[in-house]
Amino acid sequence: MKRFLLKIIVPSLVLIMAVVVLWEFVLHAFPHEHMYKSHWMDRHAEEVQVLVLGSSNTNRAVIPTSLGLGRGFSCAGSSQDIQNDYWILQRYIDRMDSLKYVVLDLNYL
């Protein structure tokens, strides 16, 4: 019985680990919204005059360029909480010389 379990468990664990490693590679290789926003902010943080932060409500409802307040960009994202907004602001605030407005969505949740 012990040999049977070893013949089943060891190959199963190897297969599971291979799937996990492959899945991790796929998640990092394909572009997604957060990667796009991070790369854009790394290149254009100095130009942003209006920064939009918040959750999916702000991400879908507020278009920074339609506010008419200058060149804007939305760093809002789905299920993004206030701690992530703070982290984003702290990461780019030193480079954002043109920043005039920060739009922050505070949700009651």
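Above: the structure in question.
Enquirer: Summarise the overall build of the protein chain; cite the residues concerned and give the values.
Expert: In terms of helices and strands, the protein chain carries four helices and three strands. Secondary structure elements of the protein chain, listed N to C terminal, follow the sequence α-α-β-α-β-α-β. Relative to its length of 109 residues, the protein chain is extended, with a C-alpha radius of gyration of 21 Å against a globular reference of 13 Å. With respect to the principal axes defined by its C-alpha atoms, the protein chain has extents near 70 × 35 × 20 Å. Residues counted as buried form 23% of the 109 residues belonging to the protein chain.

Enquirer: I'd like a description of helix 2 (residues 33–44), backed by residues and values.
Expert: Its twelve residues place the ends of helix 2 16 Å apart at the C-alpha level, agreeing with the 16 Å of an ideal helix rising 1.5 Å per residue. Looking at the buried positions of helix 2, the neighbouring elements they touch are strand 1 (50–53), helix 3 (56–61), strand 2 (72–74) and helix 4 (82–92).

Enquirer: If you had to explain the side chain of Asp-85 to someone new, which residues and values would you point to?
Expert: Relative to the assigned elements, Asp-85 resides in helix 4. Here Asp-85 occupies a buried position and makes no salt bridge, while the nearest side chain of opposite charge, Lys-37, is found at 9.3 Å. Within polar-contact distance, the side chain of Asp-85 engages the side chain of Gln-80 at 2.4 Å. Apart from the residues within four sequence positions on either side, Asp-85 is in contact with Leu-53, Gly-54, Gln-80 and Leu-104.

Enquirer: Tell me about the pairing of strand 1, and please be specific about residues and values.
Expert: Side chains Val-50 and Val-52 of strand 1 all project onto a buried face; the interleaved residues Leu-51 and Leu-53 project onto the opposite face, where all are buried too. Sheet analysis places strand 1 next to strand 2, joined by three bridges and oriented parallel. Its bridge partner lying in strand 2, Leu-51 is registered against Phe-73. Crossover connection from strand 1 via helix 3 to parallel strand 2: handedness right-handed.

Enquirer: If you had to explain the pattern of salt bridges to someone new, which residues and values would you point to?
Expert: Under the defined criterion, the tally for this structure stands at four salt bridges. The partner of Lys-37 in a salt bridge is Glu-33, with the nearest N and O atoms 3.1 Å apart. One end of the pair is Lys-37 and the other is Glu-33, both in helix 2 and four residues apart, which spans about a single turn. Note that Arg-95 is salt-bridged to Glu-46, the shortest N-O span being 3.2 Å. On the criterion of sequence distance, the pair formed by Arg-95 in the loop between helix 4 and strand 3 (101–104) and Glu-46 in the loop between helix 2 and strand 1 is long-range, its members being 49 residues apart. Since its relative accessible area comes to 33%, Glu-46 is described here as partly exposed.

Enquirer: Kindly report on unusual backbone geometry, identifying the contributing residues and their values.
Expert: Phi is positive for Ser-79, which is not a glycine, with a value near 60 degrees. With respect to the helices and strands, Ser-79 occurs in the loop between strand 2 and helix 4. Judged by relative accessible area, which is 72%, Ser-79 ranks as exposed.

About the criteria used
- Residues numbered from 1 in each chain as written.
- Predicted model: local features only at pLDDT ≥ 70, side-chain atom pairs only at ≥ 80, totals over all residues.
- Heavy atoms only, no water.
- Helix = DSSP H or I, 4+ residues; strand = E, 2+ residues; numbered from the N terminus.
- Rg over C-alpha atoms; globule rule 2.2 N^0.38 Å.
- Buried < 20%, exposed > 50% of the residue type's maximum accessible area, 1.4 Å probe, protein only.
- Expected span 1.5 Å × (residues − 1).
- Contact = heavy atoms within 4.5 Å.
- Lys, Arg positive; Asp, Glu negative; His and termini not counted.
- Salt bridge = Lys/Arg side-chain N within 4 Å of Asp/Glu carboxyl O.
- Polar contact = N/O pair within 3.5 Å; in protein donor to acceptor, adjacent residues only side chain to side chain.
- Pairing = 2+ DSSP bridges.
- Right-handed = clockwise from strand over helix to strand, strands pointing away.

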